[in-house]
Amino acid sequence: MRDKTLAIVGAAHVHLPDHVRVAGEAGFAIGAVFDRNAARAERWAGETGARAIADRAAITPDEIAGAIVCSETAHHEADIAFLLEAGIPVFTDKPLAGDAAAARRIAEAAARTGTLLHTGFFMRTNPPLAELRDRVRGGELGDVVEVRGRFAHDGAYADWLDLSGWMTTPDLACYGGFADEGVHVIDLLMWMAGPVAGGAARLGNARGFPVDDHGAAALSFKSGATGAVQAGWTDRTMRLEIELIGTEAGATVGDGKVEITGRGEDAPRWSASLSPLDAGQGLVPFLAALEGRPADALVTPDEAAAVNAVLDLLYDRAA
C-alpha cells in the first residue's frame, strides 16, 4: 500500500478537496492527516478514512509514498523542509513559501536531498495552454514583446470562498488576494516568456480585509518584453485572460478559447478550446512522477521560488 498512500500535511487550503479527489481518481489513498488544528485533522481523517496524527514525525517513507502540503502559507517552509529531510516527495499548493528567502531555502533543500518537490501551478497541466507554450517557445509568435494576464474571481463578494479565516490573516497568509490568484498568471507568463527582470504593483483593498483583495502590476522581462498582471478576489466572475504579442503573431486566451493569429491575418492560424480549469489537476504530474510515468508539467523548485521572488518584488519587500 505504501506506493499508493499519501499523507496530508496541513488541511487549511481551499483546494485540498480537489487534490484528494484527483488522488482518489488515480487510485491513491490517504493514510495520515496532520494539521495544527486538531479538529480539522480529525475532520479530514474522517473524510478520507485516514488516521489523524498529532506529530509530523509519525509520517515516514516506509508507509507513505508522498505528501500533500496544504497548510497555511506561513507553515510551508517548516512542513516542506521536514518532509524533504525525511526523504518524502512533496506536492505543495501555491505559493511555495511565505517569502522569497524561505522559497529559496526550500529549493536548496530539495536539491541537496534529491527529493521530489512539485508546486501546484495547475494551469501548466491544461493541454491547450501547454501547447500554446510550446508554440510560443518554438518561435511561432516571433520575439515576444508584450504580455498581459488576468486571473480573478468574485470570492470576496460571493459565498463560495471563505475569507474569514487564515487567508486574510497576514501572519498566516503572508500575501493577499492579488498573490493568491496572480501566482498562476506570473508562473504562466514566465513559463512562456521567460524570467522577470523587474516590476511594481498597486494593491487594492475593496472589502476591508487585513490583506489586499486585488491588484495590478507592471512587469519587465529579461528578454526585453513588457507585461501586465491583474488578479484578485473582486472580479464579477471567474476570469482567465492571457495575451502575448510577438513580432510575427499574437496569442490570446479567453472566452474558453486559445488562439494564435498572425500579423495582418483576420482568422486564427491555430485555435483550441480551453480545457476546464481544475486546481486538482496540479497534482497529476506529482502522482505520475511517483509512479515513474512521464511528468512533463512538473514545476521545478527553482521555478516555484522564482514566482515567490516576483511576488516579493511586487509587494515591495524584495531583499
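Residues numbered from 1 in each chain as written. Predicted model: local features only at pLDDT ≥ 70, side-chain atom pairs only at ≥ 80, totals over all residues. Heavy atoms only, no water.

### So, the sheet that holds strand E10 (residues 226–232)
Strand order in this open sheet of 8 strands is E8-E9-E10-E7-E11-E12-E13-E14, and the pairing throughout is mixed. Two strands close off the open sheet at either side, each with one partner strand: strand E8 (196–204) and strand E14 (270–273). Between one strand and the next, the sheet's axes are offset by a mean angle of 10°, whatever the strand orientation. Here strand E12 (residues 249–254) pairs with strand E13 (residues 257–262) via 6 bridges, running antiparallel. Note that in E13 the partner of Val 253 across the bridge is Val 258. Most of the contacts of helix H7 (residues 177–193) go to E10, to which it runs at about 150°, and overall it touches strand E7 (144–152), E8, strand E9 (214–221), E10 and strand E11 (239–246). Of the strands in this sheet, E8 and E9 are in contact with helix H9 (residues 301–314), which crosses E8 at around 55°. (Pairing = 2+ DSSP bridges. Helix = DSSP H or I, 4+ residues; strand = E, 2+ residues; numbered from the N terminus. Axes fitted to C-alpha atoms, helices over the stretch in contact; angles between N-to-C directions. Contact = heavy atoms within 4.5 Å.)

### Brief notes about H9
In a regular helix each residue adds 1.5 Å, so 14 residues correspond to 20 Å; H9 covers 20 Å between its end C-alpha atoms and thus fits that length. Every buried residue of H9 is listed here: Pro 301, Ala 304, Ala 305, Val 307, Asn 308, Val 310, Leu 311, Asp 312 and Leu 314. Elements that come into contact with the buried residues of H9 comprise helix H4 (100–113), strand E6 (117–119), H7, E8 and E9. (Expected span 1.5 Å × (residues − 1). Buried < 20%, exposed > 50% of the residue type's maximum accessible area, 1.4 Å probe, protein only.)

### Considering the sheet that holds E6
Pairing within the open sheet is parallel, and its 6 strands lie in the order E3-E2-E1-E4-E5-E6. Edge strands, defined here as strands with exactly one partner in the open sheet, are strand E3 (51–53) and E6. Between one strand axis and the next, the sheet turns through 25° on average, direction left out of account. Note that strand E1 (residues 5–11) and strand E4 (residues 66–70) share 5 bridges and pair parallel. Opposite Ala 7, over in E4, you have Ala 67 as the bridge partner.

Honestly, that's just the spatial picture; any functional story needs more than this.
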